[in-house]
Amino acid sequence: MPDTPAPADAIIGQHPPERLRLIEQLRWISFASVVALIILGLLWELKLAPLPGGSGALAIKVLPLSFALTGLLKHKLYTYRWLSLLVWLYFTEGVVRATGDHGLSQQLAIAETALSVTLFAACAMYVRLRLRVLPKKAKNSKDQAP
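Predicted, not measured: the structure shown is a model, and the values here were computed from it. (Residues numbered from 1 in each chain as written. Predicted model: local features only at pLDDT ≥ 70, side-chain atom pairs only at ≥ 80, totals over all residues. Heavy atoms only, no water.)

Draft legend 1. Summary view of the nonpolar core. With 22 residues, the main nonpolar core has V34, L65, L72, Y80, L83, L119 and Y126 as its most contacted residues. Other than its neighbours up to four places away in sequence, L65 contacts V34, L37, I38, L83, L86 and Y90. Counting residues in hydrophobic clusters, the runner-up holds 6 residues, among them L40, W44, A49 and A98. (Core = buried A, V, L, I, M, F, W, Y, C linked by side-chain atoms within 4.5 Å. Buried < 20%, exposed > 50% of the residue type's maximum accessible area, 1.4 Å probe, protein only. Contact = heavy atoms within 4.5 Å.)

Draft legend 2. Focus on the pattern of salt bridges. Under the defined criterion, the tally for this structure stands at 6 salt bridges. Through salt bridges that share partners, E45, K61, E93, R97 and D101 make up one connected network. (Salt bridge = Lys/Arg side-chain N within 4 Å of Asp/Glu carboxyl O.)

Draft legend 3. Examining the environment of I60 more closely. In this fold, I60 is placed in the loop between α1 (17–48) and α2 (63–73). Put simply, I60 and E45 are 15 residues apart on the chain and 9.1 Å apart in space, counted from C-alpha to C-alpha. (Helix = DSSP H or I, 4+ residues; strand = E, 2+ residues; numbered from the N terminus.)

Draft legend 4. Focus on the environment of L73. With respect to the helices and strands, the residue L73 is situated in helix α2. The exposure class of L73 is partly exposed, given its relative accessible area of 36%. Sequence-wise, L73 and W28 are 45 residues apart; in three dimensions their C-alpha atoms are separated by 8.2 Å. In this view, L73 contacts R27, W28 and F31; residues no more than four positions away in its chain are not counted.

This is a description of form; function is not addressed.
So this is what it looks like as structure tokens:
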């Protein structure tokens, strides 16, 4: 029986095996994107192309991303939701610096933009796939008020 759903997982819920594989792939894409954004941000601001006359304090911008790592590994749906909103700050910074900077800093900004889009897409798809397991009654709880 290939269409038999897998047993329910306490964290992920009950999904068909194909969806479970995709959920796991999206989790690792999200995790890798966050780690890459953290490494890129630190290297960019501390070593590769820091702002002229800067102290490297702008590297603190990656701190919010580090808070997401544990939640991503533990399949915390809330983490994927807030991270999909937070990532737009990094996207915006990447676009602004890609159009205003030159040389290596511009290339790093383009990489930040690409990683941000990848992270957003992975988080959005992850949330969408995870929510498919909810019964219709739970989704429409507002409509069933006593």
